[in-house]
Amino acid sequence: MSRRKLIAGNWKMNKTAAEGVALVTAIKEGLPAGADALPEILVCPTFTTLGAVVEAAKGSPIEVGAQNVHWAANGAFTGEISADMLKTTGVTHVIIGHSERRQYFGETDATVNQRTRAAVAAGLVPVVCVGETLAEREAGKTMDVIGAQIKADFAEMTAADMATVVIAYEPVWAIGTGKVATDEQAQEVHAFIRKVLAEMFGAAVADATRILYGGSMKPANAAGLLAQPDIDGGLIGGAALKAPDFLALIEAAR
Ligand code: PGA
């Protein structure tokens, strides 16, 4: 089964609307001709920048996603946003359960599960993040931690629900640190995630689900990671904020 690679930029809390438009315009203009050979391309700006970036990306293959979504349709949830509200901006994807949300904002596997199910129900593609901390890796608990996250994050979901889901493996110790996982370390975890998916949802879902690597991915290390059999793209932070770097990552995925 061939899985189309996905190169996704997580802009985090960076870029005003004007700066976001400038960045997406530079990416759009820098894309090589012949969209067929391109990976799927996604950028995920802040909420206030979504509409402007969707507008600027029009006429290009660049898709736009948000960085969080609430599970309720509306209500007394100050600071949150619903899937239907996101959809009015034109976004197609949403990042869920990023380690920064887990670390700083009390995100748990239970809330990741609720957000993921709401996104799927609304027709948004969830990009669900999992990853171990340095202490967990050093204690030899990586697979236990990742396995538990996958089981809890996709609990009570069906194979049909999983059809559009994208997973991002992001070792916490590699995010924004410049310490990238080796090709072998990443491949080992990606293959393990696929095995857990097969146990939960069957071989077809495991085979079709795209699993991205994230954590200090940059043009210099992308080729080796993207050549691994179970690595289907990247979720990129720092290197997604500069058009030449992001374009080089797109090129590496071709
Ligand atoms: P980084 O961030 O590429 O800056 O390490 C990746 C992420 O957090 O998604």
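Our subject is the structure listed above.
(A) Layout of the overall build of the chain. A tally of regular secondary structure across the chain gives 11 helices and eight strands. Against the 2.2 N^0.38 benchmark of 18 Å for 254 residues, the chain shows a C-alpha radius of gyration of 17 Å, consistent with a compact globule. In terms of overall dimensions, the chain has C-alpha extents of about 45 × 45 × 35 Å along its principal axes. Within the chain, the fraction of its 254 residues that count as buried is 52%. Sequence separation of at least 24 residues holds for 71% of the intrachain contacts in the chain that already meet a minimum separation of 6. When the accessible surface of the chain is split by element, carbon and sulfur atoms take 56% of a total near 10,600 Å². The average position of the 22 basic charges and that of the 28 acidic charges among the side chains of the chain differ by 2 Å.

(B) Summary view of the site of the ligand. Taken together, 13 residues lie near the ligand, and Lys 12, His 98, Glu 170, Gly 176 and Ser 216 sit nearest. Between the ligand and Gly 238, the relevant distance is 2.9 Å, taken from an oxygen atom to a main-chain nitrogen or oxygen of the residue. Here the ligand loses 94% of its free accessible area of 280 Å² to cover by the protein chains. Along the lines of polarity and charge, the residues of the shell around the ligand split into four nonpolar, seven polar and two charged.

(C) Region of interest: the sheet that holds strand S5 (residues 125–130). As summarised here, the arrangement of the eight strands in space is S1-S2-S3-S4-S5-S6-S7-S8, forming a closed barrel in which the pairing is parallel. Within the sheet, the average angular offset between the axes of one strand and its neighbour, ignoring direction, is 25 degrees. As paired elements, strand S3 (residues 62–66) and strand S4 (residues 93–96) share two bridges and run parallel to each other. Each residue of the ladder has a partner; that of Gly 65, found in S4, is His 93.

(D) Focus on the pairing of S3. By the criterion of burial, S3 is predominantly enclosed, with four of the five residues buried. Bridging between strand S2 (residues 40–44) and S3 involves three bridges; their strand directions are parallel. Residue Val 43 lies in a different strand from S3, and its bridge partner there is Val 64. In this fold, the crossover linking S2 to S3 by way of helix H2 (residues 50–57) has right-handed handedness. Following the backbone out of S3, through helix H3 (residues 83–88) and into the adjacent parallel S4, one traces a crossover that is right-handed.

Cut-offs used in this document
Along each chain, the written sequence defines residue order, and numbers are assigned to residues from 1. Residues qualify for local features only when their pLDDT is at least 70, as the model is predicted, and side-chain atom pairs are given and counted only at 80 or more; totals for whole chains, interfaces and linings, by contrast, use all residues. Hydrogen atoms and water are omitted, and side-chain values are computed over all heavy atoms in the structure. What counts as a helix is a DSSP run of H or I of at least four residues, what counts as a strand is a run of E of at least two, and both are numbered from the N terminus. Each radius of gyration reported is based on C-alpha atoms, and the globular scaling rule is 2.2 Å times the count of residues to the power 0.38. For each residue, the accessible area found with a 1.4 Å probe, counting protein chains only, is set against the maximum for its type, and the residue is called buried under 20%, exposed over 50%, and partly exposed in between. In what follows, a contact means two residues having at least one pair of non-hydrogen atoms within 4.5 Å. Using the Shrake-Rupley algorithm and a 1.4 Å probe, accessible areas are obtained, with residue cover drawn only from the displayed protein chains. In this tally, Lys and Arg are treated as positive and Asp and Glu as negative; His is ignored, and so are the chain termini. The atoms used to mark charge sites are NZ of Lys, CZ of Arg, CG of Asp and CD of Glu. In this text, near means that some heavy atom of the residue lies within 4 Å of the molecule or strand in question. In the analysis that follows, any N or O atom pair within 3.5 Å is treated as a polar contact, provided that within protein one partner can donate a hydrogen and the other can accept it, and provided that, for residues neighboring in sequence, both atoms belong to side chains. Charged means Asp, Glu, Lys or Arg here, nonpolar means Ala, Val, Leu, Ile, Met, Phe, Trp, Tyr, Cys or Pro, and polar covers whatever is left, Gly included. Here a strand pair is declared whenever DSSP counts at least two bridges between the two strands. Note on geometry: axes are C-alpha line fits, over the in-contact stretch for helices, and angles between N-to-C directions span 0 to 180 degrees. Orient the strands so they point away from the viewer, and a crossover whose first-strand-to-second-strand path over the helix runs clockwise is right-handed.

As far as function goes, none of this settles anything; it's purely spatial.
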